[in-house]
Amino acid sequence: MLRPDLYDNRFPETVGKSHDGEAARWCVIQTHQHSESLAERHLLSQNFRTYLPKRRRTVRHARSVRTVSSAYFDCYLFVSLAVHQQSWYPINSTVGVRRLVMSKGMPIPAPYGVVESLISVTDDDGILHPDILLRPGQRIRIIDGPFSDQLGILDHVGSAGAVRILLDIMNRSIPITIDRDKLSIVS
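Being a predicted model, the structure only gives us computed values, none of them experimental. (Residues numbered from 1 in each chain as written. Predicted model: local features only at pLDDT ≥ 70, side-chain atom pairs only at ≥ 80, totals over all residues. Heavy atoms only, no water.)

K.L.:
Can you help me understand the overall build of the chain in this one?
P.N.:
Each helix and strand counted, the chain has two helices and 13 strands in total. Classification of the 187 residues of the chain by burial places 35% in the buried group. Here the contacts in the chain between residues at least 6 apart in sequence split such that 57% fall between residues at least 24 apart. Just so you have it, the chain exposes about 11300 Å², and 51% of that area is on carbon and sulfur atoms. (Helix = DSSP H or I, 4+ residues; strand = E, 2+ residues; numbered from the N terminus. Buried < 20%, exposed > 50% of the residue type's maximum accessible area, 1.4 Å probe, protein only. Contact = heavy atoms within 4.5 Å. Areas by Shrake-Rupley, 256 points an atom, 1.4 Å probe, with all protein chains shown as cover.)

Pasting the structure below:
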């Protein structure tokens, strides 16, 4: 189901090192609201390598229920750039793009491994499955709520967005259930 090579071979000529040794890095693009797919299509037509993680969600309207795929990160997508080799200036004038996220006049690359790990848990349809990154037995830090900054062990990953963590309180393992977005993995 999951194919890490899905996005690696889309544009093999733009991947790898340039003639001056610079490797392509993933940069962030901010798009207009609900225009992520439109911006991706136009960037692909300009031969830019892109990554748009998606999620499935249920939409209810006028007594009908349907499942649609939408951008996982609203108003954002990723583009692979060799900043000093490729001309990245056309990106800001691409249909659907608001701006390339920059600092001091240069695109800011995402930290090494972040986008690659997202790609590794994306299926053939472009749907991101972040729960695959969470595995029982991992050390977890709670980042929000009454147990903020507590360390625990991941016990169970639920399908509805909640996880069960075992916290060591008074020399006992106490299970608590918390939302995925309120924790971080301790390396």
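K.L.:
Please clarify how helix α1 (residues 36-45) should be interpreted in this entry.
P.N.:
Every α-helical turn comprises 3.6 residues, leaving residues that sit three or four positions apart pointing alike. Of the residues making up α1, those classed as buried are Glu 36, Ala 39, Glu 40 and Leu 43. Take α1 and look down its axis: the buried residues cluster within an arc of 100°, on one side only. Opposite the buried face of α1, at more than 90 degrees from it, the exposed residues are Arg 41 and Ser 45. Here the buried face of α1 lies against β1 (25-31), β2 (49-51), β4 (64-71), β5 (76-81) and β6 (97-100). (Arc of directions from axis to C-beta.)

K.L.:
What is the right way to look at unusual backbone geometry in this model?
P.N.:
Despite not being glycine, Lys 104 has its phi angle at roughly 55°, a positive value. Taking relative accessible area as the criterion, Lys 104 reaches 83% and is therefore assigned exposed. One non-glycine residue, Met 170, lies in positive phi territory at about 55°. Position of Met 170 among the secondary structure elements: in the loop between β11 (162-169) and β12 (172-179).

K.L.:
Even after reading the chapter, I still don't get the environment of Val 79, so can you show me in this structure?
P.N.:
Locating Val 79 in the fold gives a position in strand β5. For Val 79, a relative accessible area of 0% puts it in the buried group. Measuring from C-alpha to C-alpha, the distance between Val 79 and Leu 100 comes to 9.3 Å, with 21 residues separating the pair along the chain. Contact partners of Val 79, with chain neighbours within four places excluded, come to Arg 25, Trp 26, Cys 27, Ile 29, Phe 48, Arg 49, Thr 50, Ile 91 and Leu 100.

K.L.:
Before we go on, may I ask you to explain the sheet that holds β12 in this structure?
P.N.:
Sheet strands pair by backbone hydrogen bonding; their relative direction is either parallel or antiparallel. Read across the sheet, five strands follow the order β12-β11-β10-β9-β13 without closing on themselves; strand pairing throughout is antiparallel. The open sheet has two edge strands, β12 and β13 (183-185), and neither has a second partner. Pairs of neighbouring strands in the sheet enclose a mean axial angle of 45°, with direction left out of account. In terms of strand pairing, strand β9 (residues 139-142) meets strand β10 (residues 151-157) through three bridges, oriented antiparallel. Bridging from a neighbouring strand, Ile 140 pairs with Gly 152 of β10. (Pairing = 2+ DSSP bridges. Axes fitted to C-alpha atoms, helices over the stretch in contact; angles between N-to-C directions.)

K.L.:
Before we go on, may I ask you to explain the nonpolar core in this structure?
P.N.:
What tends to happen in soluble globular proteins is that the nonpolar side chains get buried as a cluster. With 15 residues, the main nonpolar core has Ile 29, Leu 43, Val 79, Leu 81, Ile 91 and Leu 100 as its most contacted residues. Mapped onto this core, the elements with two or more residues apiece are β1, α1, β5 and β6. A total of three residues in this core trace back to one element, the largest contributor, which is β5. Ignoring sequence-local partners within four residues, the contact set of Ile 29 consists of Leu 43, Cys 75, Tyr 76, Leu 77, Val 79, Ile 91, Val 97, Arg 99 and Leu 100. (Core = buried A, V, L, I, M, F, W, Y, C linked by side-chain atoms within 4.5 Å.)

K.L.:
I tried to follow the packing of aromatic side chains on my own but got confused; where do I start?
P.N.:
Two measures describe an aromatic ring pair: the distance that separates the ring centres and the angle between the ring planes. Here the structure, examined in full by the defined rule, presents five aromatic pairs. When the centroid spacing of 6.1 Å and the interplanar angle of 20° are considered together, the rings of Tyr 51 and Phe 78 count as stacked. Pair noted here: Tyr 51 is in strand β2 and Phe 78 is in strand β5, with a separation of 27 residues, a long-range link. Take Tyr 51 and Phe 78: they sit in the same class, and that class is buried. A cation sits over an aromatic face here: Arg 25 above Tyr 112, 3.7 Å from the ring centre. (Phe/Tyr/Trp six-rings, centres within 6.5 Å; stacked < 30°, edge-to-face > 60°. Lys NZ or Arg CZ within 6 Å of the ring centre and 35° of its normal.)

By themselves, these observations are geometric and do not establish any function.
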